[in-house]
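# Structural overview
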Amino acid sequence: MISLKPIIVMLSDKPVWFEGLWFRRVDGAAAYAQVRPEALPLPAAWVVRSADKGEPIGERLDRDVPEFDVVIAIENARSHVPGDTDEQLLKYRQAVYRLLRGEQGAPDTRPIEWRGGHVIEYTDGDLYWADRYSFEGLFNNYLSDQTPFDQLIRTGGALL
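Source: prediction; values computed, not measured. (Residues numbered from 1 in each chain as written. Predicted model: local features only at pLDDT ≥ 70, side-chain atom pairs only at ≥ 80, totals over all residues. Heavy atoms only, no water.)

### A few points about the packing of helix H1 (residues 5-12) against helix H3 (residues 84-100)
Which entries qualify depends on this criterion: To obtain an axis, a line is fitted to C-alpha atoms, over the contacting stretch when the element is a helix, and the angle between two such axes runs from 0 to 180 degrees between their N-to-C directions. A run of H or I in DSSP counts as a helix once it spans at least four residues, and a run of E counts as a strand once it spans at least two, with each numbered from the N terminus. Note that the term roughly parallel is reserved for angles under 35 degrees, roughly antiparallel for angles over 145, roughly perpendicular for angles of 65 to 115, and oblique for everything else. For a crossing to be left-handed, the near helix must be turned anticlockwise from the far one by less than a right angle; the clockwise case is right-handed. A contact between two residues is defined here by any heavy atoms of the two lying within 4.5 Å. Only Asp, Glu, Lys and Arg are considered charged, only Ala, Val, Leu, Ile, Met, Phe, Trp, Tyr, Cys and Pro nonpolar, and every remaining residue, Gly among them, polar.
Between H1 and H3, whose axes approach to 10 Å, the crossing angle comes to 125°. On the basis of their axis angle, the class for H1 and H3 is oblique. Both H1 and H3 take part in a crossing whose hand is right-handed. Residues Ile7, Met10 and Leu11 of H1 form the contact with H3, whose participating residues are Val96, Leu99 and Leu100. Partitioning the contact of H1 with H3 into residue classes produces six nonpolar, no polar and no charged.

### Some remarks on H1
Where we set the bar: Accessible area is worked out with a 1.4 Å probe on protein chains only. A residue is then buried under 20% of its type maximum, exposed over 50%, and partly exposed in between. The arc in question is the one traced by the directions running from the helix axis out to the C-beta atoms.
Of all the positions in H1, only Ile7, Ile8 and Leu11 are classed as buried. The arc that holds every buried residue of H1, seen down its axis, measures 100°, which confines them to one face. Away from the buried face of H1 by more than 90 degrees, exposed residues Lys5 and Val9 are located. Residues of H1 that are buried in the fold lie against strand S1 (25-27), strand S2 (44-56), strand S3 (61-75) and H3.

### Focus: the environment of Ser50
Structurally, Ser50 is set in strand S2. With 84 residues separating them in the primary sequence, Ser50 and Ser134 have C-alpha atoms 9.6 Å apart. Apart from the residues within four sequence positions on either side, Ser50 is in contact with Glu67, Phe68, Asp69 and Arg132.

### Notes on the packing of aromatic side chains
Let me state the cut-off plainly: For Phe, Tyr and Trp, where Trp contributes only its six-membered ring, two rings pair if their centres lie within 6.5 Å, and the inter-plane angle classes them as stacked under 30 degrees, edge-to-face over 60, or tilted in between. Sitting over a ring, as applied to charges here, requires NZ of Lys or CZ of Arg to be within 6 Å of the ring centre and within 35 degrees of the ring normal.
With the rule as written, the count across this model stands at nine aromatic pairs. On the basis of an interplanar angle of 45° and a centroid distance of 6.4 Å, the ring pair of Trp22 and Tyr92 is categorised as tilted. With Trp22 in the loop between H1 and S1 and Tyr92 in helix H3, this residue pair connects regions lying 70 residues apart in the sequence. With relative accessibility at 3%, the residue Tyr92 sits in the buried group. One aromatic cluster in this structure is built from Phe18, Trp22, Phe23 and Tyr92. Above the face of the Trp17 ring, Arg98 is positioned so that its terminal group lies 3.8 Å from the ring centre.

That's the geometry; what it means functionally is another story.
Below is the structure:
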C-alpha cells in the first residue's frame with residue numbers, strides 16, 4: 001500500500017553518466033496494459049506492481065514489502081555482430097539497477113533491493129524484459145496526538 005510513483009520519477013530523467021538514448025517513455029501499470037508494440041517508441045520502461053506482502057506487527061501497524069517489476073522494452077534488430085541485442089539490454093538493466101539499488105522507494109522505507117529478472121517476450125522486432133525489485137516500509141492507522149492540555153473546563157453544576 002505504498003505508492004510506486006517515486007520509482008517512475010527516479011527512472012524518468014536520463015542520468016548524466018548514461019551513454020546513448022534513454023527511455024523515450026517511462027510509465028506505470030495502466031500504460032503498460034495498453035501497449036501496442038507496433039506503435040511504441042523504443043526504448044521504453046514501465047514500473048508495474050507485482051505483489052504487496054503485508055505483515056501485521058502491532059495493533060495498528062503493518063509492514064509492507066511492495067514488489068515491482070521494471071519492464072524494459074528495446075528493439076530486437078538483427079545485426080552483424082552476435083550478442084548486440086543482449087549487450088543493449090544489459091546496458092539498460094545495469095542503468096536501472098544503478099538508479100534504484102540502495103535508494104529509498106518512498107520516505108521512511110528501507111533501501112530498494114534487486115530480486116532478479118526474466119524475459120517476458122522476444123519477437124522479431126522487440127524484446128521485453130522484467131527485473132523485480134522490492135523495498136520495505138511501515139504504515140499505520142494510529143490517530144494523531146491530541147492537542148496538549150492547557151486548561152480545565154468545567155461543565156456542570158457548582159462543586160460543594
